[in-house]
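# Chain and residue survey
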Amino acid sequence: MAERQLQCTTAAAEFQKAWFAGLRQDVFERKKPYAIAQADMPLELFQVMDVPVVSNQWWSAIVSAKRLSGYYLDLMNAAGYHEGLCRYCSLSLASTMGGDPAKAPWGGLPKPAMLGARLTCDCIQRVFSLYAETFGSEFVALDAPGAEQLPPRWWELSRHRWEELFEDHRLDFMVAQFERLIQALERLTGNGFDEARLRTLMEGVNRQEEILEEVRELICAAPRTPVRMHEQISNVMAAQWVRGSEWAISHARAFRDEVKARVEQGVAACPSERMRLMWVGAGLWHDTDFYTAFEERFGAVFVWSMYLAFGPDGYIRYGLDNPLRALASRTVSMNEQLHNPPWANEWIVDQARRHRIDAALILRPLGTKPSDTGNRFIERALEEAGIPVLPIFADMVDARSWDAAAMRGKVAQFLESVEARCT
Amino acid sequence: MNHAYQTYTGGVQFNVPDSSPEIEQLQQSYRARLAGALGQSRPVAGVTSNTAPWELLCAAGYFPVLLSPANGPAPFAAPYMEAGFDGRTRSIFDRLLSGEWSFLHTVVIPRTSEQEHKLFLYLREVARQEPSRKLPRTLLFNLLHAQSAEARTYGLSRTRELWKALGPASMEELAKAIADGNAARGALRALLRLRADRLSGAEALPLLGAYYFMDRADYARLAVRAADIMAARPAIPGPRVMIKGSMLDHPHLHRAIEGHGAVVAAEDDWWGSRAAGQDVSTELGPLEAVFLKYYEDAPSPRVFPASVADAWFLETASTVAGVVFYISPDDDVRGWDYPRQRSALDARGIPHLLLREDPAGGDVPPECHDRIEEFTTRLKG
Ligand code: SF4
Ligand code: SF4
């Protein structure tokens, strides 16, 4: 694992570990309920009902980073689930279906009181039903109508004009489903839902994302990036999973201050920075060292991933008279915004320009086929904008077919060609 | 009399006994697929799956037809569409971009799978980026399949919106379309009943599948007659099996299994046994009745929960001697169901076999035949 350059990164990692240990203790000793949910669920509703949530994708990333994905996925395949099935959102399930409990990261996932997922890809209702059966827990599913109208430059509308951006019928439907989820959370906790508390939390999320926007602007403007991409991700996501909370806001602030100080002192993540890279897609969780592997030889630094950039554009909502509806607008189109045409390609090109990107690497998750969508449109749009692109055919969590050396060689070749273009 | 015909995938010959002009016409429509819509005076509306509400399209003056090209190279799709898409979605996208289907006025894409939603977005984006390309109008029908009060209310409202978007049409036209659709379903059911003992699976699929490419009043007339003719045949011997898993828009796997002395009496697939289901109710308001038909009584990979999705399968499994699971090589959905469904069969003592090889080229590989032979021998014993 590459060295940590920011103190904040260590603080974020420590917080997450302690948070998870506290969660296990609460569940085992105090019998408190917690939930496992897909990352694109309205985590805010769980928070205001005092039900901590483990994000399914976060846990997948932890299992993968501990190099356990092969072990668990082999077990799942042996149970009759074929090898062509998508792994990103099912690795956590695999890690609960058997195997040696002593191997599980951080002691493993305790039994959740509830599981929650938006039914995006066709697999997910199946994965979460199995999860629910394995644990004997309730599964709340929110169905996901597709976007029909997708006006240009969504990120210029999403903060103030979200009502018109996300289509009334989809917002109404999402709010109705939220009400069902709230009822389930009320049954679980015995507490009533408090709309004012949600509004306050949403205001907190806005504050947090405004701070993260400052970080994004610092990275855009600094002559050389002050913070490596994978450290951006660690800091941002530690805050996003508990977004709007006191800790999240103060961590975002500490992160911003540290980045700002580095910019003011002229500290660069890679002092020999000559090439600014963009990583499109989910993180390569099983090999995060990959992200620093091209600094020494090429001065090539990963500057951008969706994780920081999406915070301000995807989460800020002004006009919180009806916080539930505003939350619905944040939830209803994440997949279109991040992964599908026209929204993903348009936004990513805009981000590439603002971040002065020289070349882009695009994760093409072959082992996670249903999530390899929209990428050809993104590749074409970047190339049209004059940014060379290298597709990386790999799985975000499954290391079984990842040849680290060969892949580094391939990227090196690509960067040589980018260098040659620039000189 | 034996009637040999070529399937639309080309090259493979089948023998279908007891032919008649009606049977031949049904087979011809199944084979011709979209070509049958070419001479239509009505504007042609392509649909991408079984859950597009045929009655609404028909009442609005369209000739609805299922988009179902043979899988194969997709050079027009390749610059935009990733390899992970299933062959069917990729081929539909490819033909639309190629201009080969420029006679289509409209395409209606139900949100019946995630790939279909992506297809809608991709088509929209190509149209936006390349306005000179001639593409049909594309509508997304946001029909959801989770069984919840909210999805039901939402689906009904989206059905009403689709009805508006299709243009002015009268409730009388809709009532007529419902009657025609129901007559066609009645005919489908008559053919399906024959699968108990008179009609093999390989024979049945073209006769049933023609339903998606024809005017439904015509289909009803021809299929009723075909069923009458087939009813007079002697019973076909052999253990009855069901196919479960990935969709099959050709009869090759059926033929391979039946070549080993079994009879494919059912498949959990809208190309076969699930084509008809119940009639559209004539007791309810027509829009609500049409919506409920497609929401409650049409198979889709997104039907949720599993107990609802599996109900037909488990009921039908108890009527056959064995089940052949076919999970296509590019599958990323059905494989999640397979272990659960396999256990359900084990619990009921129903034998099963899993095949992963793709028969779309005309036949399954020899090792597959060995496994099928072993399985059918076991069933016969
Ligand atoms: S990304 Fe993969 S695992 Fe996750 S929901 Fe989509 S298909 Fe399923
Ligand atoms: S939308 Fe993309 S980034 Fe968000 S949870 Fe799904 S896969 Fe991850």
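Here the structure is shown first, and the text comes after it.
The structure presented is a predicted model; accordingly, all values stated were derived computationally and were not measured.

## Here's the deal with the site of ligand 2
Neighbouring ligand 2 are Ala39, Gln57, Tyr88, Met306, Leu338 and His339 of chain A. Residues of the shell around ligand 2, tallied by class, amount to 4 nonpolar, 2 polar and no charged.

## A short note on the interface of chain B and chain A
Residue-level contacts link 49 residues of chain B with 53 residues of chain A. Buried surface at the junction of chain B and chain A, both sides included, amounts to about 4200 Å², of which 55% is carbon and sulfur. Linking chain B with chain A are 5 salt bridges. With its nearest N and O atoms 3.4 Å apart, the salt bridge here joins Asp143 of chain A to Arg302 of chain B. Summed over the shared surface of chain B and chain A, the result is 28 residue pairs in polar contact (both at pLDDT 80 or more). Of all the secondary-structure elements, those providing two or more residues to the side of chain B that touches chain A are helix 4 (114–129), helix 5 (149–165) and helix 12 (334–348) of chain B.

## Examining the nonpolar core
Among the nonpolar cores identified, the biggest contains 242 residues, and Trp279, Phe290, Trp347, Leu382 and Ile392 of chain A together with Phe93 and Tyr219 of chain B are the most heavily contacted of them. Sequence-distant contacts of Phe93 of chain B, defined by excluding residues within four places in its chain, comprise Ala77, Tyr80, Met81, Leu119, Tyr122, Leu123 and Val126 of chain B. Listed in part, the 17 residues of the second largest apolar core include Ile243, Leu248, Tyr326 and Leu355 of chain B.

## Focus: the side chain of His355 of chain A
Residues and elements named next belong to chain A. When you line up the elements, His355 lands in the loop between helix 16 (343–354) and strand 7 (359–364). Residue His355 is classed as buried on the basis of its relative accessible area, which comes to 2%. Excluding residues within four positions of it along the chain, His355 makes contact with Arg216, Ile219, Cys220, Arg276, Val303 and Trp304.

## Describing the sheet that holds strand 9 (residues 322–326) of chain B
All names here are of chain B. The parallel open sheet is built from 4 strands, whose spatial order is 8-7-9-10. A single partner strand is all that each edge strand has here, and the edge strands are strand 8 (263–267) and strand 10 (352–355). Between one strand axis and the next, the sheet turns by 30° as a mean value, whatever way the strands run. Relative to strand 10, strand 9 runs parallel, the two sharing 4 bridges. The partner of Val323 across the bridge, within strand 10, is His352.

Cut-offs used in this document
- Residues numbered from 1 in each chain as written.
- Chains lettered and ligands numbered in written order.
- Predicted model: local features only at pLDDT ≥ 70, side-chain atom pairs only at ≥ 80, totals over all residues.
- Heavy atoms only, no water.
- Near = heavy atom within 4 Å.
- Nonpolar A, V, L, I, M, F, W, Y, C, P; charged D, E, K, R; others polar.
- Contact = heavy atoms within 4.5 Å.
- Buried area = accessible area lost by both parts, 1.4 Å probe.
- Salt bridge = Lys/Arg side-chain N within 4 Å of Asp/Glu carboxyl O.
- Polar contact = N/O pair within 3.5 Å; in protein donor to acceptor, adjacent residues only side chain to side chain.
- Helix = DSSP H or I, 4+ residues; strand = E, 2+ residues; numbered from the N terminus.
- Core = buried A, V, L, I, M, F, W, Y, C linked by side-chain atoms within 4.5 Å.
- Buried < 20%, exposed > 50% of the residue type's maximum accessible area, 1.4 Å probe, protein only.
- Pairing = 2+ DSSP bridges.
- Axes fitted to C-alpha atoms, helices over the stretch in contact; angles between N-to-C directions.

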